[in-house]
Amino acid sequence: MKKFKFYISILVAISIFAVSCTKNNATHIPKDAFAVMVIDGKESAKVFDTKTLTENEEYKNAVKEVESMSKKLAELLEKIAKNPDASGILLTKKIYAFTQFNKDAITVGTIIPINKKTLEENIDLVSKELGFPIGMLIKEKNKIKYVEADPSTVLGWNKDIFILLYSEANNLNFDSLEKLMNLKESESIMSDKDFKNFHKNCKAFNIWVSSNIIEKIDIEKEAITEFQKLTGIDLKNNYGHFIIDVQKGEVSFTAKMRFNESIQNLDQKKIMENFDKISELLETKFGKIIDLISVLSNKNTNDTIDEIDYNSEISEEEWEELINSGI
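What counts and what doesn't
- Residues numbered from 1 in each chain as written.
- Predicted model: local features only at pLDDT ≥ 70, side-chain atom pairs only at ≥ 80, totals over all residues.
- Heavy atoms only, no water.
- Buried < 20%, exposed > 50% of the residue type's maximum accessible area, 1.4 Å probe, protein only.
- Helix = DSSP H or I, 4+ residues; strand = E, 2+ residues; numbered from the N terminus.
- Arc of directions from axis to C-beta.
- Polar contact = N/O pair within 3.5 Å; in protein donor to acceptor, adjacent residues only side chain to side chain.
- Axes fitted to C-alpha atoms, helices over the stretch in contact; angles between N-to-C directions.
- Left-handed = near helix turned anticlockwise from the far one by under 90°.
- Contact = heavy atoms within 4.5 Å.
- Nonpolar A, V, L, I, M, F, W, Y, C, P; charged D, E, K, R; others polar.
- Pairing = 2+ DSSP bridges.
- Core = buried A, V, L, I, M, F, W, Y, C linked by side-chain atoms within 4.5 Å.

Undergrad: Residue-level account of helix α7 (residues 174-181), with values.
TA: All buried positions along α7 are accounted for by Phe174, Leu177, Glu178, Leu180 and Met181. What you see down the axis of α7 is that its buried residues fit within an arc of 160 degrees, all on one side. Capping the start of α7, Asn173 holds a side-chain oxygen 3.0 Å from the backbone nitrogen of Asp175, two or three residues further along.

Laid out in structure tokens, this is it:
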């Protein structure tokens, strides 16, 4: 009996150690993210040849320029070129980027594992060599070091990860960062079954997208509901997986779309019966959503949503031609 208890204790200890060594940083991505990019640094490194980089003339000139300012910084640059993890930012691990959409604003985040000691030593080195007190910009709270660049950008790190956040809504602060640092798995994207399935199949470069963004769009709610009623199509719970695998001498791309049952069992008769109403709805209402996405995609635009001319994008004749073409 004593031996049995001893073996159980060993198994429990091994399990705890294994879990602690396989930390999944996707748990810092909020569950309402509608797009996630995953880069496996170790796998993607197969694409890049560090020797090619270090022998590049532009790189050599850059090193010489840095060396003219600081020999130590030039040495650090060469060290990073040979080993990306030497910066303290662990680029050979899994790196995540995600996008959220709330009402009329997009938030983008990046999550990268770190070696905290090395990262902070390098920050101190750069600060000292350039004569710029970077430390004055860095604050610390609840074991998180952070920089609030402005209301649109905040970045920081704890003992495990570095997070950079940007939002068009200009509403970011330390609390935004701390929330992601301490997300429970039930609050994260890992609570989504489809993402969980995608994540375990990730290769070198990977993108996951979800149509659940439709729930966050704060305009034309009635039009969206009417479209779903007329077509019998549920616009939520549709997913796309895009995966690039890199092997020796070979790169393969896989795209997988998973549609919900309403699309799989599309009622074509219902759509044809309501074709005129659907066409009218698309023409008069959904142009607003298209224009919204267009504005949000254009980082240089100064337009607000209220300033958009919703009839300026596509004329009635163009819509009619599009519909009659059968596309």
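Undergrad: Now, about the packing of helix α5 (residues 71-82) against helix α6 (residues 116-130): what can you tell me, with residues and values included?
TA: For the pair α5 and α6, the least separation of the axes is 9 Å and the interaxial angle reads 145 degrees. For the crossing formed where α5 meets α6, the hand is left-handed. Contacts from Lys72, Leu73 and Leu76 of α5 reach α6 at Asn122, Leu125, Val126, Glu129 and Leu130. Here the residues of the contact of α5 with α6 are counted per class, giving five nonpolar, one polar and two charged.

Undergrad: An account of the sheet that holds strand β4 (residues 139-141) is needed here, citing residue identities and associated values.
TA: With respect to topology, ten strands assemble into an open sheet ordered β4-β5-β6-β7-β3-β2-β1-β8-β9-β10, the strand pairing being antiparallel. Every interior strand has two partners, whereas the edge strands, β4 and β10 (250-258), have only one. Looking at each pair of strands side by side, their axes are set apart by 15 degrees on average, direction ignored. Pairing geometry for strand β1 (residues 35-40) and strand β2 (residues 94-102), over six bridges, is antiparallel. Along β2, the bridge assignment pairs Ala35 with Thr99.

Undergrad: Help me get a handle on the nonpolar core, residues and values and all.
TA: Core analysis: the biggest nonpolar cluster contains 28 residues, and Ile29, Val36, Phe98, Ile163, Leu165, Leu177 and Phe195 have the highest contact counts within it. For this core, the elements supplying multiple residues, two or more each, are β1, β2, β5 (144-150), β7 (161-167), α7, α8 (193-200) and β9 (239-247). The next biggest cluster of nonpolar side chains, apart from the first, holds 15 residues, and it includes Ile217, Leu230, Ile233 and Ile271.

Undergrad: Can you break down unusual backbone geometry residue by residue, with the values?
TA: Even without glycine at this site, Asn142 takes up a positive phi of about 50 degrees. Following the sequence through the fold, Asn142 ends up in the loop between β4 and β5. Residue class for Asn142 comes out exposed when judged on its relative accessible area of 53%.

Shape descriptors only; they carry no functional weight alone.
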